[in-house]
Amino acid sequence: MKILVVVPTYNEAENIRDLLKAVLEKAPKVEVLVVDDHSPDGTADIVREVQQTEPRVHLLERPGKQGLGTAYVAGFKYALAHGYDAVMEMDADFSHDPADIPRFLEALKEADVVLGSRYLNGVSVVNWPLRRLMLSYTANRYAALVTGVPLRDLTGGFKAIRREVLEAVGLDNLESDGYAFQIELTVRAWYLGFKIVEIPIVFWERRKGASKMSKRIIWEAAWRVWKFRIEGLRLQRNRRTRSAPVNGG
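Draft legend 1. The overall build of the chain, seen in detail. Along its length, the chain carries eight helices and nine strands. For the chain, whose C-alpha radius of gyration is 18 Å, the value lies close to the compact-globule estimate of 18 Å for 249 residues. In terms of overall dimensions, the chain has a C-alpha envelope of 60 × 40 × 35 Å along the principal axes. Looking at the chain as a whole, 53% of its 249 residues qualify as buried. When contacts within the chain are restricted to residue pairs at least 6 apart in sequence, long-range pairs at least 24 apart make up 81% of them.

Below is the structure:
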């Protein structure tokens, strides 16, 4: 399979060079697309330096900070336009371990979406304060309950997705950001009937730089999950209608 790892960035100059090196070493067959939102710290300049010696690294620059959700959509569209069979989502700050990529690709052989779960075998998060951990765990339980999707880590951003899923979910209709984007994408895939599996990961708090998490992103996820449930049921109903036999045939 032709795999593209999509890495959104905004002010990740401290991490991006080391991350690209680690991804390419741990997963020799993948390529990487950095989607940079005009980082003032020169993140894109570092990516261009890496490109001079590494043809597997690609760069998509955007004119300003537009959010995580739209960055992933832009990366997914790039993957579809350039003939990739699957994509991976991955943070730029080493919260996601590049050494886990081969496990995702192995699981993807039998699934349409593979989610890296922090909560599959207990709690696997390192260096988070208790308050943030409880917020994340509770948000995932809440999202699963409201949407009806029985997964442990709906808000996680370390995942692998087959091309067929990207073509079916309606990328132009994805309008959320942050946690909410991750939930929306997975809920749509679930209600469209795609096979989703979770694999355990360890989530590490970022090594360098500042977190992009905000109260706005958290509250967006909290109220949007109700909309995702309704939209998911609509997608499921339409899918069943299209597949129903005509005139008893």
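Draft legend 2. Examining the environment of E231 more closely. Structurally, the position occupied by E231 is in helix α8 (residues 215-243). Judged by its relative accessible area of 22%, E231 is partly exposed. Residues E231 and V50, 181 residues apart in the sequence, show an inter-C-alpha distance of 41 Å. Looking at E231, its side chain comes within polar contact range of the side chain of R188, at 3.4 Å.

Draft legend 3. Representation of the pairing of strand β1 (residues 3-9) in the model. Taking burial as the measure, the seven residues of β1 include seven buried ones, the bulk of the element. Side chains I3, V5, V7 and T9 project from β1 onto one buried face, and the interleaved L4, V6 and P8 project onto a second face that is buried too. In this structure, β1 lies alongside strand β4 (residues 86-89), joined through four bridges in parallel fashion. Paired with I3 across the bridge in β4 is A86. Judged from the six bridges that link them, β1 and strand β2 (residues 31-36) form a sheet pairing that is parallel. Bridge pairing in β2 places V5 opposite V32.

Quick notes on the rules
Residues numbered from 1 in each chain as written. Predicted model: local features only at pLDDT ≥ 70, side-chain atom pairs only at ≥ 80, totals over all residues. Heavy atoms only, no water. Helix = DSSP H or I, 4+ residues; strand = E, 2+ residues; numbered from the N terminus. Rg over C-alpha atoms; globule rule 2.2 N^0.38 Å. Buried < 20%, exposed > 50% of the residue type's maximum accessible area, 1.4 Å probe, protein only. Contact = heavy atoms within 4.5 Å. Polar contact = N/O pair within 3.5 Å; in protein donor to acceptor, adjacent residues only side chain to side chain. Pairing = 2+ DSSP bridges.

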